[in-house]
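Residue-level structure breakdown
Here's the letter readout for the chains.
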Amino acid sequence: MKRDIHIIIAEPAAMIFEGLAAIFLKSGLKPLVSKADTLDEIQQLHLKRSGDIVVISPGLIQNNVKSYQTLKNQFENTHWIGVVYAYNDPNLLALFDAVITISDTSEEIVAVISKMLNTLNPKEPDVLSDREIEVLKLLASGLANKEIADKLNISINTVITHRKNISQKTGIKSVSGLTIYAVVKKLVTLENLSE
Amino acid sequence: MYQTENLHLSADMRISDVILNNPYLILLLEHFGVDVPLQEKTVTDVCLENKINTELFLTFANLYNGVQYDFKDTFSYNEVLTVINYLRNSHRYYSEEIYPNILSIIQQMNSADNRKEMVLVERFFNEYFSEVTEHLNYENNTVFPYITGLYERIINQNQTDGGKKYSVSEYKDHHNDIEEKLNDLKSLLIKYLPLKNDQPIRRKLLFSLFELEYDLNIHSQIEELILIPLVAKMELHLKGAK
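Everything quoted here is computed from the prediction, not taken from an experiment.

The subject of this paragraph is helix α5 (residues 80–112) of chain B. Residues and elements named next belong to chain B. Taking 1.5 Å per residue, 33 residues should reach 48 Å; α5 reaches 47 Å between its end C-alpha atoms and fits that length. Maximum bend of α5: about 40 degrees, positioned at Tyr 94. Along α5, the residues that are buried comprise Val 80, Val 83, Ile 84, Tyr 86, Leu 87, Ser 90, His 91, Tyr 94, Ile 102, Ile 106 and Met 109.

What follows covers the sheet that holds strand β1 (residues 6–10) of chain A. All names here are of chain A. Strand order in the open sheet formed by five strands is β2-β1-β3-β4-β5, with parallel pairing between adjacent strands. Each edge of the sheet is formed by a strand with only one pairing partner; in this case those strands are β2 (32–35) and β5 (98–101). Recorded for the sheet is a direction-independent mean angle of 25 degrees between the axes of neighbouring strands. Across four bridges, the pairing between β1 and strand β3 (residues 53–56) is parallel. Counterpart to Ile 8 in the pairing with β3 is Val 54. Contacting β3, β4 (79–84) and β5, helix α6 (residues 106–117) crosses the sheet at an angle of about 165 degrees to β5.

Before going further, it helps to examine the interface of chain B and chain A. Counting residues at the interface gives 23 residues for chain B, matched by 21 residues for chain A. Those elements that provide at least two residues to the side of chain B that touches chain A are α6 (116–155) and α7 (168–192) of chain B. Sort the elements by how many residues they give to the side of chain B that touches chain A and α7(B) lands first, with eight residues. Here the side of chain B that touches chain A is composed, by residue class, of nine nonpolar, five polar and nine charged.

Okay, the domain arrangement of chain B next. All names here are of chain B. Its domain assignment divides chain B into domain 1 (15–64) and domain 2 (77–241). Counting from both sides, the interface comprises 12 residues of domain 1 and, opposite them, 11 residues of domain 2. For the side of domain 1 that touches domain 2, the secondary structure elements donating two or more residues are α2 (25–32) and α4 (54–64).

What counts and how
Residues numbered from 1 in each chain as written. Chains lettered and ligands numbered in written order. Predicted model: local features only at pLDDT ≥ 70, side-chain atom pairs only at ≥ 80, totals over all residues. Helix = DSSP H or I, 4+ residues; strand = E, 2+ residues; numbered from the N terminus. Expected span 1.5 Å × (residues − 1). Bend = angle between axes of the 7 residues up to and from the residue. Buried ≥ 20, exposed ≤ 12 C-beta atoms within 10 Å, placed from the backbone. Pairing = 2+ DSSP bridges. Axes fitted to C-alpha atoms, helices over the stretch in contact; angles between N-to-C directions. Contact = placed C-beta atoms within 7 Å. Nonpolar A, V, L, I, M, F, W, Y, C, P; charged D, E, K, R; others polar. Domains from an automatic or database assignment.

Below, the structure is given as C-alpha coordinates:
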(Lines give C-alpha, C1' and ligand atoms only; values in the text may rest on other atoms or scores of the structure.)
Protein backbone atom coordinates (compact mmCIF):
# COMPACT_ATOMS: atom_id res chain seq x y z
CA MET A 1 0.00 0.00 0.00
CA LYS A 2 1.41 3.35 -0.93
CA ARG A 3 1.13 6.31 1.39
CA ASP A 4 0.28 9.24 -0.77
CA ILE A 5 -1.17 11.54 1.82
CA HIS A 6 1.14 13.84 3.70
CA ILE A 7 -0.24 15.74 6.68
CA ILE A 8 1.89 18.42 8.29
CA ILE A 9 0.81 19.30 11.80
CA ALA A 10 1.98 22.73 12.92
CA GLU A 11 0.92 22.81 16.52
CA PRO A 12 3.25 23.70 19.40
CA ALA A 13 1.23 21.98 22.13
CA ALA A 14 2.52 18.41 22.49
CA MET A 15 -0.83 17.12 23.74
CA ILE A 16 -2.65 18.39 20.72
CA PHE A 17 0.04 17.37 18.25
CA GLU A 18 0.23 13.82 19.60
CA GLY A 19 -3.56 13.56 19.77
CA LEU A 20 -4.06 14.69 16.20
CA ALA A 21 -1.22 12.50 14.96
CA ALA A 22 -2.79 9.46 16.65
CA ILE A 23 -6.20 10.25 15.13
CA PHE A 24 -4.70 10.60 11.64
CA LEU A 25 -2.55 7.48 11.93
CA LYS A 26 -5.54 5.41 13.03
CA SER A 27 -7.89 6.95 10.49
CA GLY A 28 -7.33 4.54 7.61
CA LEU A 29 -6.04 7.38 5.46
CA LYS A 30 -2.54 6.01 5.97
CA PRO A 31 -0.90 9.38 5.97
CA LEU A 32 2.66 10.39 6.57
CA VAL A 33 2.50 12.76 9.53
CA SER A 34 5.14 15.46 10.01
CA LYS A 35 5.61 17.99 12.74
CA ALA A 36 6.47 21.61 12.04
CA ASP A 37 6.95 24.36 14.60
CA THR A 38 7.16 27.40 12.37
CA LEU A 39 5.98 28.59 8.96
CA ASP A 40 9.56 28.22 7.74
CA GLU A 41 9.56 24.58 8.72
CA ILE A 42 6.30 24.03 6.89
CA GLN A 43 7.87 25.46 3.78
CA GLN A 44 10.97 23.27 4.09
CA LEU A 45 8.87 20.15 4.60
CA HIS A 46 6.78 21.12 1.63
CA LEU A 47 9.74 21.59 -0.64
CA LYS A 48 11.06 18.22 0.37
CA ARG A 49 7.85 16.33 -0.13
CA SER A 50 4.71 18.04 -1.25
CA GLY A 51 2.06 18.07 1.46
CA ASP A 52 -1.63 17.69 0.94
CA ILE A 53 -2.83 19.01 4.23
CA VAL A 54 -1.42 21.40 6.77
CA VAL A 55 -3.16 21.36 10.11
CA ILE A 56 -2.10 24.57 11.79
CA SER A 57 -2.63 26.46 15.00
CA PRO A 58 -4.03 29.98 14.44
CA GLY A 59 -1.43 31.18 16.95
CA LEU A 60 1.29 30.51 14.37
CA ILE A 61 -0.17 32.87 11.82
CA GLN A 62 -1.62 35.53 14.10
CA ASN A 63 1.36 37.85 13.74
CA ASN A 64 2.54 36.41 10.43
CA VAL A 65 -0.53 36.74 8.26
CA LYS A 66 1.51 38.00 5.32
CA SER A 67 4.00 35.14 5.31
CA TYR A 68 1.13 32.71 5.81
CA GLN A 69 -0.63 34.02 2.73
CA THR A 70 2.55 33.93 0.68
CA LEU A 71 3.02 30.33 1.71
CA LYS A 72 -0.59 29.51 0.92
CA ASN A 73 -0.21 30.99 -2.55
CA GLN A 74 3.03 29.17 -3.12
CA PHE A 75 1.39 25.79 -2.48
CA GLU A 76 -1.98 26.21 -4.08
CA ASN A 77 -2.92 22.52 -4.01
CA THR A 78 -2.53 22.29 -0.27
CA HIS A 79 -5.44 22.47 2.14
CA TRP A 80 -4.96 24.55 5.27
CA ILE A 81 -6.95 23.50 8.29
CA GLY A 82 -7.01 25.55 11.49
CA VAL A 83 -7.03 23.89 14.91
CA VAL A 84 -9.30 25.90 17.17
CA TYR A 85 -9.16 25.47 20.93
CA ALA A 86 -9.54 29.03 22.19
CA TYR A 87 -11.31 32.13 21.02
CA ASN A 88 -9.92 33.31 17.70
CA ASP A 89 -10.70 36.35 15.64
CA PRO A 90 -13.20 35.27 12.95
CA ASN A 91 -11.17 37.19 10.38
CA LEU A 92 -8.21 35.03 11.23
CA LEU A 93 -10.24 31.82 10.96
CA ALA A 94 -11.50 32.94 7.56
CA LEU A 95 -7.95 32.46 6.27
CA PHE A 96 -8.27 28.67 6.59
CA ASP A 97 -9.91 26.30 4.14
CA ALA A 98 -11.58 24.54 7.07
CA VAL A 99 -11.30 24.36 10.83
CA ILE A 100 -11.39 21.58 13.37
CA THR A 101 -12.22 22.38 16.97
CA ILE A 102 -11.17 20.88 20.27
CA SER A 103 -14.65 19.43 20.87
CA ASP A 104 -14.77 17.52 17.54
CA THR A 105 -14.85 13.73 17.70
CA SER A 106 -12.18 11.70 15.89
CA GLU A 107 -14.72 10.86 13.20
CA GLU A 108 -15.56 14.51 12.65
CA ILE A 109 -11.88 15.41 12.36
CA VAL A 110 -11.23 12.61 9.88
CA ALA A 111 -14.33 13.64 7.94
CA VAL A 112 -12.96 17.16 7.51
CA ILE A 113 -9.72 15.74 6.13
CA SER A 114 -11.43 13.19 3.89
CA LYS A 115 -13.69 15.85 2.47
CA MET A 116 -10.64 17.93 1.58
CA LEU A 117 -9.05 14.93 -0.11
CA ASN A 118 -12.25 14.00 -1.88
CA THR A 119 -12.02 10.46 -0.64
CA LEU A 120 -15.68 10.46 0.28
CA ASN A 121 -16.82 10.56 -3.33
CA PRO A 122 -18.73 7.43 -4.20
CA LYS A 123 -16.71 5.17 -6.47
CA GLU A 124 -17.78 4.59 -10.02
CA PRO A 125 -18.85 1.05 -10.77
CA ASP A 126 -15.92 -1.12 -11.80
CA VAL A 127 -17.30 -2.10 -15.18
CA LEU A 128 -15.19 -1.31 -18.21
CA SER A 129 -16.86 0.72 -20.93
CA ASP A 130 -16.85 -0.52 -24.54
CA ARG A 131 -14.19 1.99 -25.46
CA GLU A 132 -12.03 0.97 -22.51
CA ILE A 133 -12.33 -2.67 -23.57
CA GLU A 134 -11.17 -1.72 -27.07
CA VAL A 135 -8.15 0.10 -25.65
CA LEU A 136 -7.39 -2.82 -23.34
CA LYS A 137 -7.48 -5.32 -26.22
CA LEU A 138 -5.03 -3.29 -28.26
CA LEU A 139 -2.82 -2.77 -25.23
CA ALA A 140 -2.78 -6.52 -24.55
CA SER A 141 -1.87 -7.25 -28.14
CA GLY A 142 1.27 -5.21 -27.65
CA LEU A 143 0.46 -1.80 -29.11
CA ALA A 144 1.94 1.37 -27.64
CA ASN A 145 -0.21 4.37 -26.65
CA LYS A 146 0.58 6.18 -29.88
CA GLU A 147 -0.37 3.19 -32.04
CA ILE A 148 -3.63 2.75 -30.12
CA ALA A 149 -4.41 6.44 -30.63
CA ASP A 150 -3.84 6.14 -34.39
CA LYS A 151 -5.85 2.98 -34.68
CA LEU A 152 -8.88 4.34 -32.81
CA ASN A 153 -8.55 7.83 -34.22
CA ILE A 154 -8.31 9.44 -30.82
CA SER A 155 -5.65 11.59 -29.19
CA ILE A 156 -2.86 10.09 -27.18
CA ASN A 157 -4.15 11.93 -24.11
CA THR A 158 -7.49 10.20 -24.46
CA VAL A 159 -5.69 6.86 -24.59
CA ILE A 160 -3.85 7.75 -21.39
CA THR A 161 -7.11 8.74 -19.70
CA HIS A 162 -8.69 5.43 -20.74
CA ARG A 163 -5.70 3.57 -19.36
CA LYS A 164 -5.95 5.39 -16.05
CA ASN A 165 -9.62 4.49 -15.77
CA ILE A 166 -8.95 0.87 -16.70
CA SER A 167 -6.29 0.63 -13.98
CA GLN A 168 -8.54 2.27 -11.44
CA LYS A 169 -11.38 -0.10 -12.19
CA THR A 170 -9.37 -3.32 -12.34
CA GLY A 171 -6.74 -2.52 -9.71
CA ILE A 172 -4.04 -3.46 -12.23
CA LYS A 173 -1.53 -0.97 -13.54
CA SER A 174 1.19 -2.72 -15.52
CA VAL A 175 0.68 -3.70 -19.14
CA SER A 176 1.70 -7.29 -18.47
CA GLY A 177 -0.78 -7.48 -15.59
CA LEU A 178 -3.56 -6.03 -17.75
CA THR A 179 -2.74 -8.56 -20.44
CA ILE A 180 -3.38 -11.40 -18.00
CA TYR A 181 -6.64 -9.73 -17.03
CA ALA A 182 -7.66 -9.52 -20.69
CA VAL A 183 -6.92 -13.24 -21.21
CA VAL A 184 -8.85 -14.25 -18.09
CA LYS A 185 -11.80 -12.14 -19.20
CA LYS A 186 -11.51 -13.72 -22.65
CA LEU A 187 -11.11 -10.34 -24.32
CA VAL A 188 -8.06 -11.64 -26.15
CA THR A 189 -6.80 -15.13 -26.82
CA LEU A 190 -3.26 -16.23 -26.23
CA GLU A 191 -2.71 -16.49 -29.99
CA ASN A 192 -3.38 -12.76 -30.31
CA LEU A 193 -0.65 -11.89 -27.89
CA SER A 194 2.70 -10.72 -29.08
CA GLU A 195 5.54 -12.60 -27.52
CA MET B 1 -0.91 -3.22 7.34
CA TYR B 2 -2.13 -6.41 8.83
CA GLN B 3 -1.71 -6.18 12.55
CA THR B 4 -4.78 -5.48 14.61
CA GLU B 5 -3.49 -2.57 16.62
CA ASN B 6 -0.77 0.00 16.36
CA LEU B 7 1.24 -0.77 19.45
CA HIS B 8 3.73 2.01 19.97
CA LEU B 9 6.93 0.36 21.14
CA SER B 10 9.20 1.67 23.87
CA ALA B 11 12.65 0.68 25.09
CA ASP B 12 11.57 -1.05 28.30
CA MET B 13 9.16 -3.49 26.60
CA ARG B 14 10.00 -7.15 26.56
CA ILE B 15 10.94 -8.07 23.05
CA SER B 16 9.05 -11.36 23.21
CA ASP B 17 5.83 -9.45 23.94
CA VAL B 18 6.53 -7.18 21.01
CA ILE B 19 6.84 -10.20 18.69
CA LEU B 20 3.73 -11.83 20.09
CA ASN B 21 1.85 -8.63 19.30
CA ASN B 22 3.10 -8.47 15.70
CA PRO B 23 4.93 -11.53 14.37
CA TYR B 24 6.16 -9.62 11.30
CA LEU B 25 8.74 -8.07 13.63
CA ILE B 26 10.61 -11.36 13.40
CA LEU B 27 11.73 -10.11 10.00
CA LEU B 28 12.95 -6.90 11.62
CA LEU B 29 15.04 -8.90 14.09
CA GLU B 30 16.45 -11.04 11.29
CA HIS B 31 17.39 -7.99 9.23
CA PHE B 32 19.16 -6.56 12.28
CA GLY B 33 20.94 -9.88 12.68
CA VAL B 34 19.30 -10.63 16.05
CA ASP B 35 18.51 -14.24 16.81
CA VAL B 36 15.90 -15.90 19.02
CA PRO B 37 15.41 -17.13 21.78
CA LEU B 38 14.85 -13.77 23.35
CA GLN B 39 14.02 -14.93 26.88
CA GLU B 40 13.04 -12.04 29.15
CA LYS B 41 15.17 -9.44 27.38
CA THR B 42 13.85 -5.93 26.83
CA VAL B 43 14.34 -3.89 23.68
CA THR B 44 17.21 -2.06 25.42
CA ASP B 45 18.93 -5.35 26.37
CA VAL B 46 18.77 -6.68 22.84
CA CYS B 47 20.04 -3.43 21.37
CA LEU B 48 22.97 -3.25 23.80
CA GLU B 49 23.87 -6.86 23.13
CA ASN B 50 23.82 -6.38 19.38
CA LYS B 51 25.29 -2.84 19.36
CA ILE B 52 22.22 -1.29 17.78
CA ASN B 53 21.13 2.26 18.56
CA THR B 54 17.91 1.80 20.56
CA GLU B 55 16.19 4.81 18.99
CA LEU B 56 16.94 3.47 15.52
CA PHE B 57 15.64 0.04 16.45
CA LEU B 58 12.44 1.52 17.91
CA THR B 59 11.90 3.70 14.87
CA PHE B 60 12.16 0.72 12.51
CA ALA B 61 10.01 -1.42 14.81
CA ASN B 62 7.36 1.25 15.03
CA LEU B 63 7.30 1.48 11.23
CA TYR B 64 6.42 -2.23 11.23
CA ASN B 65 3.59 -1.37 13.58
CA GLY B 66 2.27 1.30 11.27
CA VAL B 67 3.45 4.27 13.31
CA GLN B 68 5.10 6.71 10.98
CA TYR B 69 6.50 10.13 11.68
CA ASP B 70 8.87 12.35 9.82
CA PHE B 71 12.35 11.62 11.09
CA LYS B 72 14.16 14.74 10.02
CA ASP B 73 17.38 15.16 11.98
CA THR B 74 16.58 12.25 14.26
CA PHE B 75 19.70 10.25 13.51
CA SER B 76 23.37 11.03 13.15
CA TYR B 77 25.37 9.68 10.22
CA ASN B 78 27.08 7.37 12.68
CA GLU B 79 24.03 5.14 12.24
CA VAL B 80 24.40 4.91 8.50
CA LEU B 81 26.40 1.68 8.50
CA THR B 82 23.80 -0.03 10.70
CA VAL B 83 21.06 1.11 8.33
CA ILE B 84 22.95 -0.18 5.30
CA ASN B 85 23.69 -3.48 6.99
CA TYR B 86 19.99 -3.84 7.80
CA LEU B 87 19.04 -3.12 4.19
CA ARG B 88 21.61 -5.55 2.83
CA ASN B 89 20.25 -8.28 5.07
CA SER B 90 16.74 -7.62 3.85
CA HIS B 91 17.96 -7.73 0.25
CA ARG B 92 19.31 -11.18 0.97
CA TYR B 93 15.93 -12.21 2.34
CA TYR B 94 14.24 -10.96 -0.83
CA SER B 95 16.54 -12.42 -3.42
CA GLU B 96 17.48 -15.69 -1.74
CA GLU B 97 14.33 -16.49 0.15
CA ILE B 98 10.97 -14.91 -0.49
CA TYR B 99 11.14 -14.31 -4.25
CA PRO B 100 12.42 -17.81 -5.08
CA ASN B 101 9.80 -19.11 -2.67
CA ILE B 102 6.98 -17.33 -4.50
CA LEU B 103 8.33 -18.41 -7.85
CA SER B 104 8.32 -22.04 -6.78
CA ILE B 105 4.70 -21.78 -5.59
CA ILE B 106 3.70 -20.34 -8.95
CA GLN B 107 5.53 -23.15 -10.72
CA GLN B 108 3.74 -25.69 -8.55
CA MET B 109 0.39 -24.19 -9.48
CA ASN B 110 1.44 -24.26 -13.06
CA SER B 111 2.54 -27.87 -13.17
CA ALA B 112 -0.50 -29.08 -11.23
CA ASP B 113 -2.85 -27.66 -13.79
CA ASN B 114 -1.38 -26.21 -16.90
CA ARG B 115 -3.65 -23.29 -17.58
CA LYS B 116 -2.82 -20.59 -20.03
CA GLU B 117 -3.35 -17.84 -17.44
CA MET B 118 -0.85 -19.40 -15.10
CA VAL B 119 1.75 -19.54 -17.85
CA LEU B 120 1.30 -15.80 -18.21
CA VAL B 121 1.44 -15.30 -14.47
CA GLU B 122 4.73 -17.18 -14.33
CA ARG B 123 6.12 -15.08 -17.14
CA PHE B 124 4.87 -11.93 -15.42
CA PHE B 125 6.55 -12.93 -12.19
CA ASN B 126 9.81 -13.86 -13.88
CA GLU B 127 10.01 -10.47 -15.54
CA TYR B 128 9.13 -8.81 -12.27
CA PHE B 129 11.72 -10.81 -10.35
CA SER B 130 14.48 -9.81 -12.74
CA GLU B 131 13.50 -6.14 -12.44
CA VAL B 132 13.65 -6.42 -8.67
CA THR B 133 17.00 -8.20 -8.82
CA GLU B 134 18.33 -5.44 -11.01
CA HIS B 135 17.19 -2.83 -8.49
CA LEU B 136 18.65 -4.71 -5.53
CA ASN B 137 21.96 -5.10 -7.36
CA TYR B 138 21.96 -1.42 -8.17
CA GLU B 139 21.55 -0.60 -4.49
CA ASN B 140 24.11 -3.17 -3.36
CA ASN B 141 26.73 -2.28 -5.94
CA THR B 142 26.22 1.43 -6.53
CA VAL B 143 24.16 3.16 -3.88
CA PHE B 144 25.48 1.50 -0.74
CA PRO B 145 29.18 1.75 -1.68
CA TYR B 146 28.61 5.42 -2.52
CA ILE B 147 27.13 6.01 0.95
CA THR B 148 29.80 3.99 2.73
CA GLY B 149 32.35 6.07 0.83
CA LEU B 150 30.75 9.30 2.09
CA TYR B 151 30.89 7.97 5.62
CA GLU B 152 34.54 7.03 5.36
CA ARG B 153 35.42 10.41 3.95
CA ILE B 154 33.74 12.08 6.92
CA ILE B 155 35.44 9.82 9.44
CA ASN B 156 38.86 10.29 7.80
CA GLN B 157 38.20 13.98 7.20
CA ASN B 158 39.00 13.42 3.59
CA GLN B 159 37.49 16.02 1.34
CA THR B 160 38.30 14.62 -2.06
CA ASP B 161 35.32 14.15 -4.28
CA GLY B 162 33.76 10.72 -3.99
CA GLY B 163 32.98 10.60 -7.67
CA LYS B 164 29.97 8.49 -8.59
CA LYS B 165 26.60 9.93 -7.71
CA TYR B 166 23.20 8.43 -7.80
CA SER B 167 19.83 10.01 -8.25
CA VAL B 168 17.30 9.95 -5.46
CA SER B 169 14.39 10.31 -7.83
CA GLU B 170 15.42 7.22 -9.76
CA TYR B 171 15.44 5.42 -6.45
CA LYS B 172 11.85 6.31 -5.71
CA ASP B 173 10.62 5.34 -9.19
CA HIS B 174 12.11 1.89 -8.74
CA HIS B 175 10.24 1.44 -5.48
CA ASN B 176 6.96 2.49 -7.00
CA ASP B 177 7.39 0.04 -9.88
CA ILE B 178 8.20 -2.79 -7.52
CA GLU B 179 5.16 -2.16 -5.35
CA GLU B 180 2.90 -1.60 -8.36
CA LYS B 181 3.56 -4.98 -9.97
CA LEU B 182 3.17 -6.74 -6.66
CA ASN B 183 -0.23 -5.11 -6.31
CA ASP B 184 -1.17 -6.21 -9.82
CA LEU B 185 -0.39 -9.78 -8.94
CA LYS B 186 -2.50 -9.64 -5.80
CA SER B 187 -5.43 -8.09 -7.65
CA LEU B 188 -5.24 -10.80 -10.31
CA LEU B 189 -5.17 -13.59 -7.73
CA ILE B 190 -7.90 -12.25 -5.51
CA LYS B 191 -10.23 -10.79 -8.09
CA TYR B 192 -9.81 -12.44 -11.45
CA LEU B 193 -7.93 -15.71 -11.83
CA PRO B 194 -10.48 -18.53 -11.99
CA LEU B 195 -10.53 -21.06 -9.16
CA LYS B 196 -9.73 -24.67 -9.89
CA ASN B 197 -9.85 -26.46 -6.56
CA ASP B 198 -6.54 -24.96 -5.71
CA GLN B 199 -7.41 -22.88 -2.66
CA PRO B 200 -4.60 -24.15 -0.38
CA ILE B 201 -1.84 -23.30 -2.81
CA ARG B 202 -3.40 -20.00 -3.83
CA ARG B 203 -3.64 -19.10 -0.17
CA LYS B 204 0.00 -20.00 0.26
CA LEU B 205 0.89 -17.77 -2.66
CA LEU B 206 -1.20 -14.86 -1.41
CA PHE B 207 0.21 -15.07 2.11
CA SER B 208 3.74 -15.06 0.70
CA LEU B 209 2.91 -12.02 -1.42
CA PHE B 210 1.52 -10.23 1.64
CA GLU B 211 4.61 -11.13 3.65
CA LEU B 212 6.82 -9.74 0.91
CA GLU B 213 4.72 -6.63 0.46
CA TYR B 214 4.71 -5.92 4.18
CA ASP B 215 8.48 -6.03 4.40
CA LEU B 216 9.07 -4.21 1.10
CA ASN B 217 6.83 -1.39 2.20
CA ILE B 218 8.83 -0.84 5.41
CA HIS B 219 12.02 -1.24 3.40
CA SER B 220 11.20 1.65 1.09
CA GLN B 221 10.06 3.76 4.02
CA ILE B 222 13.40 3.19 5.74
CA GLU B 223 15.25 4.16 2.57
CA GLU B 224 13.14 7.20 1.82
CA LEU B 225 12.54 8.56 5.32
CA ILE B 226 15.78 7.64 7.05
CA LEU B 227 18.56 6.70 4.63
CA ILE B 228 18.10 9.44 2.04
CA PRO B 229 17.94 12.27 4.64
CA LEU B 230 21.08 10.81 6.28
CA VAL B 231 22.86 10.85 2.93
CA ALA B 232 21.79 14.44 2.32
CA LYS B 233 23.16 15.34 5.74
CA MET B 234 26.47 13.67 4.96
CA GLU B 235 26.77 15.35 1.57
CA LEU B 236 26.08 18.70 3.21
CA HIS B 237 28.64 17.99 5.90
CA LEU B 238 31.32 17.23 3.31
CA LYS B 239 30.44 20.30 1.29
CA GLY B 240 30.64 22.48 4.40
CA ALA B 241 34.01 21.05 5.30
CA LYS B 242 35.53 22.18 2.02
